[in-house]
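# Working through the structure, step by step
Chain by chain, the residues run as shown.
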Amino acid sequence: MYTYFHPEIPLDSIRTRIRDEVASVQAGHRDYWNYVDALNMAMPSFARMSLIDHDPSYLDAMQKLFSTTEHKLYNEFTGLWYRDARFKGSGVFWSRGNGWALAALTKVLQVLPADDPRRPEYLRVFKKMAATLAVVQRRDGFWNSDLLNPRDHGGPETSGTAFFAFGLGWGINTGILDAARYRPVVDKAWTALSTKALQADGKVGYVQPVGDRPATAKATDTAAYGVGAFLLAGQQVAKLQGCSAE
């Protein structure tokens, strides 16, 4: 909101919170982003506020926290993230959890300066995730709630799919991802989202309810985070189609 309504939107509360967290990191506390959702809930604010306040300490703290989470939860072989330490070694890679991670990387890369030394690692993980996601997308355009197990909760799931369409769409629009390889993936995902998830009454359904692991989503299940992810995906698809989506 600050982007559109500056200076009417106050930032004092979030600035205080981030500075407190920076101080905590500088004091040696670096392991409290201990579940993958936290990447999206925190990283973009650190990056944006660093640019607003011209304070590189925010980015330094963000990198330390990310590195700790990456070390604990990122599976280098698959290019996917475990939701938290309970799932390490289980082979369970939650769609929305990975959606949070890809959304976090996308939002940070959108604002991080091109010459920032932290950028290459974020890009590396982003591209590796993209490569895996392109392979495991379902025939119907959705991604399964349990990404590598199509028999586990095998119905449509909107939130993970929408976050993936958002991230991959942005990657194509910015030239980070090869359009010939990834545009069909995004197009198929958007067809699923706009014809199956989006219903006649305007509801965005098949959004897995609040949780911490793969689960079934019904046509009647919806939530603000699913609608938000749908709108983020739609913005990038509009850009791919040559429309203004600012």
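## With respect to the environment of Met 43
Its location among the elements puts Met 43 in helix α3 (residues 37-53). In this structure Met 43 comes out as buried when scored by relative accessible area, which is 0%. Met 43 sits ten residues away from Trp 33 along the chain, and the two C-alpha atoms are 9.9 Å apart. Beyond its immediate sequence surroundings of up to four residues, Met 43 is in contact with Trp 33, Ala 38, Met 62, Phe 66, Val 108 and Tyr 122.

## What to know about the side chain of Lys 107
Along the chain, the position of Lys 107 falls in helix α5 (residues 95-111). Here Lys 107 occupies a buried position and makes no salt bridge, while the nearest side chain of opposite charge, Asp 37, is found at 12 Å. Excluding anything up to four places from it in sequence, Lys 107 contacts Asn 40, Pro 44, Arg 48, Phe 166 and Leu 232.

## What to know about unusual backbone geometry
For the bond from His 6 to Pro 7, the omega torsion is 5°, close enough to zero to count as cis. For Pro 7, the position within the fold is in the loop between α1 (2-5) and α2 (12-26). Within the chain, His 54 stands out as a residue other than glycine whose phi angle is a positive 55°. Note on placement: His 54 falls in the loop between α3 and α4 (56-73). Despite not being glycine, His 153 has its phi angle at roughly 55°, a positive value. Among the secondary structure elements, His 153 is positioned in the loop between α6 (119-136) and α7 (158-173).

How each quantity is defined
- Residues numbered from 1 in each chain as written.
- Predicted model: local features only at pLDDT ≥ 70, side-chain atom pairs only at ≥ 80, totals over all residues.
- Heavy atoms only, no water.
- Helix = DSSP H or I, 4+ residues; strand = E, 2+ residues; numbered from the N terminus.
- Buried < 20%, exposed > 50% of the residue type's maximum accessible area, 1.4 Å probe, protein only.
- Contact = heavy atoms within 4.5 Å.
- Lys, Arg positive; Asp, Glu negative; His and termini not counted.
- Salt bridge = Lys/Arg side-chain N within 4 Å of Asp/Glu carboxyl O.

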